[in-house]
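Structural characterization, general
Chain by chain, the residues:
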Amino acid sequence: MFFLMLFVLEPLLIHRLLRQRAARQPVATMRLLQRLHVLLLLISLLAVVGGVVGAHGGWRF
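The text that follows walks through the structure, step by step, so that each part is easy to find.

Reading the values: rules and limits
Residues numbered from 1 in each chain as written. Predicted model: local features only at pLDDT ≥ 70, side-chain atom pairs only at ≥ 80, totals over all residues. Heavy atoms only, no water. Axes fitted to C-alpha atoms, helices over the stretch in contact; angles between N-to-C directions. Helix = DSSP H or I, 4+ residues; strand = E, 2+ residues; numbered from the N terminus. Parallel < 35°, antiparallel > 145°, perpendicular 65-115°, else oblique. Contact = heavy atoms within 4.5 Å. Nonpolar A, V, L, I, M, F, W, Y, C, P; charged D, E, K, R; others polar. Expected span 1.5 Å × (residues − 1). Bend = angle between axes of the 7 residues up to and from the residue. Polar contact = N/O pair within 3.5 Å; in protein donor to acceptor, adjacent residues only side chain to side chain. Phe/Tyr/Trp six-rings, centres within 6.5 Å; stacked < 30°, edge-to-face > 60°. Buried < 20%, exposed > 50% of the residue type's maximum accessible area, 1.4 Å probe, protein only. Patch = residues over 30% accessible without salt bridge, like charges linked within 9 Å, V, L, I, M, F, W, Y side chains within 5 Å. Areas by Shrake-Rupley, 256 points an atom, 1.4 Å probe, with all protein chains shown as cover. Salt bridge = Lys/Arg side-chain N within 4 Å of Asp/Glu carboxyl O.

The N-to-C vectors of helix α1 (residues 2-24) and helix α2 (residues 26-55) enclose an angle of 135°; their axes lie 5 Å apart at closest approach. Between α1 and α2, the crossing angle belongs to the class labelled oblique. Taken together, the residues of α2 that come into contact with α1 (itself represented by Leu18, Arg21, Ala22 and Arg24) are Pro26, Ala28, Thr29, Leu32 and Leu33. The residue makeup of the contact of α1 with α2, split by class, is six nonpolar, one polar and two charged.

As structure tokens, then:
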């Protein structure tokens, strides 16, 4: 997913769409990007927590 987003979608599609949107609505575009980054950060945090819990025997204490 990271490879697809970074090397395929971003240069071919997303960069152009964000530039057009930012020209029309700069504040709303920045707010959207901020929310998307927070969402990705939370997903990565869940993945790390899940990996640590799985490596230590699951939810059994």
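Read on, since the account is not over.
Below, the discussion takes up α1. With 23 residues, α1 should cover 33 Å at 1.5 Å per step; its first-to-last C-alpha distance of 28 Å lies more than 12% under that length. Where α1 bends most, the angle comes to about 75°, and this point is Glu10, followed within four residues by the proline Pro11.

A few words now on the side chain of Thr29. Along the chain, Thr29 falls in helix α2. For Thr29, the side chain forms a polar contact with the side chain of Arg21, separated by 3.2 Å.

Evaluation of the coordinates by the stated rule reveals one aromatic pair. With a centroid separation of 5.3 Å and an interplanar angle of 45°, the aromatic rings of Phe3 and Phe7 are classed as tilted. Taken together, the residues span about one helical turn, with Phe3 and Phe7 both in helix α1 at a distance of four residues. Overall, Phe3 belongs to the exposed group, its relative accessible area being 56%.

A contiguous nonpolar patch, built from Phe2, Phe3, Leu4, Met5, Leu6, Phe7, Val8, Leu9, Leu12, Leu13 and Leu17 and spanning about 1,100 Å² of accessible area, is present on the exposed surface. If you trace the backbone, Val8 turns up in helix α1. The exposure class of Val8 is partly exposed, given its relative accessible area of 30%.

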